[in-house]
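# Notes for the structure review
These are the residues of each chain, in order.
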Amino acid sequence: MPPVFPMLTVLTMFYYMCLRRRARTATRGEMMNSRRTIEANSRTSPLNAEVVQYAKEVVDFSSHYGSENSMSYTMWNLAGVPNVFPSSGDFTQTAVFRTYGTWWDQCPSAPVPFKRTPPNFQSQDYVELAFEQQVYPTAVHVLETYHPGAVIRILACSANPYSPSPPAGVRWEILWSEKPTKVNASQARQFKPCIKQINFPTNLIRLEVNSSLLDYYTELDAVVLHGTKDKPVLSLKTSLIDMNDLEDDYEEKNGCGMDNLNKKFSSIALREGTSNGYFDKLPYELIQLILNHLTLPDLCRLAQTCKLLNQHCCDPLQYLHLNLQPYWAKLNDTSLEFLQPRCTLVQWLNLSWTGNRGFISVSGFSRFLKVCGSELVRLELSCSHFLNETCLEIISEMCLNLQDLNLSSCDKLPPQAFNHIAKLCGLKRLVLYRTKVEQTALLSVLNFCSELQHLSLGSCVMIEDYDVIASMIGAKCKKLRTLDLWRCKNITENGIAELASGCPLLEELDLGWCPTLQSSTGCFAKLARQLPNLQKLFLTANRSVCDTDIEELACNCTRLRQLDILGTRMVSPASLRKLLESCKDLSLLDVSFCSQIDNRAVLELNVSFPKVFIKKSFTQ
């Protein structure tokens, strides 16, 4: 009589598959009802009173609209009690991220997206908030005062930012996540997502946002953390089967998380088989092409099935473009060590948001680049706060083919570290937004990196004289196509003249919040006459922009697609109509707080030019 154990195994697997299918196909209503059932049956001891607290401090963030030297529109406004709520509208006392919609993705400066980004990772920005007391979270409320709906993930961290000694192991847990959804109303709201319980106390909360569906900048006023000092106990015997939880558990139990990357790839206990079916008949290149459609965790799982697929999954050609940003919460030195043999040919590498709080060490990063850096063409390191001068030195020595370097919001890098970038003479794109790069180091970079096509110097507050920088850009960077000088504090008409004459290929120029530029000097008119290829021009918050400047743009910059003149007092509806008639490709026009452009004028222009998105924010 044949043994029954194989049949039982098959039945067990079938039952498990049914549960997974049931979890995937369950309606949102069923899951929410189950959640409410648990909440209704949970009981908290009277002695375990709920603690309600606002954020004490903003610990970290990826970007903000405001200046590094003020409070207006900055992330620091999220600390403390609400400043604006429940009022609605555009207020300087709120926290605002740098971008909204898809406009920045449509610009000449937009980088090509990485392939193999998992569909459940859609975060674009983040902010981390520290609270006074560690609690077991029962609720997180976000006070949104303008264009709500950007928050898509809320996470909690086991580390206490106020602890004198760092913890042995830091853990991040997702409290709530959702795909980006369109919220039609722009009014203020108190966002109260239903969060899941975690088994550790926290006083560090992270919000991740996606603003791609927003009509304008989202504004956040405060974050409220509710929780108990003691871990709450549920009286309900059964627990909710949640699709997201099931996926997380599946990854943990089967070693499919980034923590177990070494187990996935280094497993040699693969079963011997006489045949791999039809896979043996497929060309090697065709199998490689099929596997290119898998995400990194799926590739890791497939590597455990048989020797043939293990060989394919470990082929360095599968790792030419490697995006590790979605796994920032778990990526560490061990992960890099076990990826290392497979990344010897990597050309694009995204380590943005990774390595913070000791997850990646300088030595671990250096070891990885010494093996895998020779073929690198693109390196994304936005908000990677483990970086120091040694790391940039290693990059300059090992990544001689590098063309694209992003150090956005690496604000903990010391100023002297940027001197090493000058050795990367082949750079075509350099992002230094919100860094402490100083004038001497930047002049050296510009002198040696004459191939630059895209340069971002937004909010670089350590630069003493932007006219000197602009003069060097005009003299050395003849191929420059895009330049971001957002909130550069002291550029004048002299620097603009050097840029306009030296960089005739410019297609994108951001001069938003540059207070020292005055239209009366003729600088904007000269820009329009000398830069006919302009597609994007931001003159945000420059009150001197006038009808003459708009008419010069209409005559000379007919390729213009995006124009921001927020805050000007000197532009009339008549000049805007001329601009819209001449620039047939114009799709974005921001006239918020333009005193001569009232709502009636905006409506009339919308009727005449329905394909143009004309933005005008309001304050209640």
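How each quantity is defined
- Residues numbered from 1 in each chain as written.
- Predicted model: local features only at pLDDT ≥ 70, side-chain atom pairs only at ≥ 80, totals over all residues.
- Heavy atoms only, no water.
- Helix = DSSP H or I, 4+ residues; strand = E, 2+ residues; numbered from the N terminus.
- Buried < 20%, exposed > 50% of the residue type's maximum accessible area, 1.4 Å probe, protein only.
- Contact = heavy atoms within 4.5 Å.
- Areas by Shrake-Rupley, 256 points an atom, 1.4 Å probe, with all protein chains shown as cover.
- Axes fitted to C-alpha atoms, helices over the stretch in contact; angles between N-to-C directions.
- Parallel < 35°, antiparallel > 145°, perpendicular 65-115°, else oblique.
- Disulfide = S-S within 2.5 Å.
- Salt bridge = Lys/Arg side-chain N within 4 Å of Asp/Glu carboxyl O.
- Pairing = 2+ DSSP bridges.
- pLDDT = per-residue confidence, 0-100.
- Polar contact = N/O pair within 3.5 Å; in protein donor to acceptor, adjacent residues only side chain to side chain.
- Nonpolar A, V, L, I, M, F, W, Y, C, P; charged D, E, K, R; others polar.
- Phe/Tyr/Trp six-rings, centres within 6.5 Å; stacked < 30°, edge-to-face > 60°.
- Lys NZ or Arg CZ within 6 Å of the ring centre and 35° of its normal.

An unreviewed UniProt entry annotates the chain as F-box/LRR-repeat protein 4 of Lipotes vexillifer.

Helices and strands together make up the secondary structure of the chain, namely 17 helices and 23 strands. A burial count over the chain gives 52% of its 620 residues as buried. For the chain, contacts bridging at least 24 residues in sequence account for 81% of all contacts bridging at least 6. Working note: accessible area of the chain is about 27800 Å², and carbon and sulfur atoms make up 54% of it.

Before going further, it helps to examine the packing of helix 11 (residues 439-448) against helix 12 (residues 466-476). Contact geometry for helix 11 and helix 12: axes closest at 9 Å, N-to-C directions at 10°. In terms of orientation, helix 11 lies roughly parallel with respect to helix 12. The residues of helix 12 that touch helix 11, namely those facing Gln439, Leu442, Leu443, Leu446 and Asn447, are Val468, Ile469, Met472, Ile473 and Lys476.

Moving on, we get to the state of the cysteines. Taken as a whole and judged by the stated rule, the model has zero disulfides. Cysteine cysteine 306 shares no disulfide, and the gap to the nearest cysteine sulfur, in cysteine 313, comes to 8.4 Å. For cysteine 306, a relative accessible area of 15% translates into the label buried. As a non-bridged cysteine, cysteine 514 has cysteine 488 as the owner of its nearest cysteine sulfur, 3.4 Å distant.

Evaluated as defined, the whole model comprises 23 salt bridges. The partner of arginine 378 in a salt bridge is aspartate 404, with the nearest N and O atoms 3.9 Å apart. Of the two residues, arginine 378 sits in strand 14 (residues 378-380) while aspartate 404 sits in strand 15 (residues 404-406), which places them 26 residues apart along the sequence. Both residues of the pair, arginine 378 and aspartate 404, count as buried. Between lysine 536 and glutamate 508 there is a salt bridge, and its shortest N-O distance comes to 3.6 Å.

Strand order in the open sheet formed by twelve strands is 12-13-14-15-16-17-18-19-20-21-22-23, and the pairing between neighbours is parallel. Strands with a single pairing partner mark the edges of an open sheet, and in this sheet they are strand 12 (321-323) and strand 23 (613-615). Pairs of neighbouring strands in the sheet enclose a mean axial angle of 5°, with direction left out of account. Relative to strand 13 (residues 348-350), strand 12 is paired through three bridges, and the arrangement is parallel. Note on strand 13: the bridge partner recorded for histidine 321 is tryptophan 348.

Before going further, it helps to examine the confidence of the model for the chain. Here the chain shows a mean pLDDT of 88. Residues at 70 or above account for 85%. In the predicted structure, residues 22-45 sits below a pLDDT of 50 and forms 27 contacts with residues beyond four places in sequence or in another chain. Note on residues 264-273: pLDDT is under 50 here. Beyond four places in sequence and across chains, it has 26 contacts.

What follows deals with the pairing of strand 6 (residues 151-157). The element strand 6 is largely enclosed, with a buried count of seven among its seven residues. Here strand 6 runs beside strand 9 (residues 202-209); their pairing, made up of five bridges, is antiparallel. Directly across from isoleucine 154, in strand 9, lies its bridge partner leucine 207. Pairing of strand 6 with strand 7 (residues 172-177), which is carried by five bridges, proceeds in the antiparallel orientation. Considered in strand 7, the bridge of alanine 156 is made with glutamate 173.

Time to look at helix 14 (residues 523-530). For helix 14, the full list of buried residues reads Cys523, Phe524, Ala525, Leu527 and Ala528. Looking at the buried positions of helix 14, the neighbouring elements they touch are helix 13 (493-502), strand 19 (508-510) and helix 15 (547-556).

Every buried residue belonging to helix 10 (residues 389-398) is among Cys391, Leu392, Ile394, Ile395 and Ser396, and all of these are buried. Buried residues along helix 10 sit against helix 9 (362-372) and strand 14. Where helix 10 starts, the residue carrying a side-chain oxygen 3.1 Å from the main-chain nitrogen of threonine 390 turns out to be asparagine 388.

Here we come to the packing of helix 9 against helix 10. For the pair helix 9 and helix 10, the least separation of the axes is 10 Å and the interaxial angle reads 5°. Accordingly, the angle class assigned to the pair helix 9 and helix 10 is roughly parallel. Every residue of helix 10 that contacts helix 9 at Val362, Phe365, Ser366, Leu369 and Lys370 is listed here: Thr390, Cys391, Ile394, Ile395 and Met398. For the contact of helix 9 with helix 10, the residue count by class is seven nonpolar, two polar and one charged.

We now examine unusual backbone geometry. Cis geometry marks the peptide bond from phenylalanine 85 to proline 86, where omega comes out at 15°. Within the secondary structure layout, proline 86 lies in the loop between strand 3 (57-61) and strand 4 (95-96). Phi is positive for cysteine 383, which is not a glycine, with a value near 60°. Within the secondary structure, cysteine 383 is located in the loop between strand 14 and helix 10. Classification of cysteine 383 by relative accessible area gives buried; the value is 0%. With a phi angle near 60°, serine 409 is a residue other than glycine that sits in the positive phi range. In this structure, serine 409 sits in the loop between strand 15 and strand 16 (429-431).

So, on to the environment of serine 72. Structurally, serine 72 can be placed in the loop between strand 3 and strand 4. Counting along the chain gives 23 residues from serine 72 to alanine 95, while the straight-line C-alpha distance between them is 8.0 Å.

This paragraph deals with the packing of aromatic side chains. Tallying each qualifying case throughout the model produces 19 aromatic pairs. Taken together, a centroid distance of 5.1 Å and an interplanar angle of 75° make the contact between tyrosine 65 and tryptophan 486 edge-to-face. Of the two residues, tyrosine 65 is situated in the loop between strand 3 and strand 4 and tryptophan 486 in the loop between strand 18 (482-484) and helix 13; the sequence distance between them amounts to 421 residues. Across this residue pair, the class does not change: tyrosine 65 and tryptophan 486 are buried. The interplanar angle of 70° and the centroid separation of 5.6 Å between the aromatic rings of tyrosine 100 and tryptophan 104 together place this pair among those described as edge-to-face. The same class applies to tyrosine 100 and to tryptophan 104, which are both buried. Note that arginine 206 overlies the ring of tryptophan 328, its terminal NZ or CZ placed 3.7 Å from the centroid.

All right, on to the environment of tyrosine 65 then. For tyrosine 65, a relative accessible area of 5% corresponds to the buried category. For the pair tyrosine 65 and tyrosine 217, spaced 152 residues apart in the sequence, the C-alpha separation amounts to 9.1 Å. Among residues more than four places away in sequence, those in contact with tyrosine 65 are Tyr73, Val96, Phe97, Arg98, Tyr217, Trp486, Arg487, Trp513, Thr540 and Leu566.

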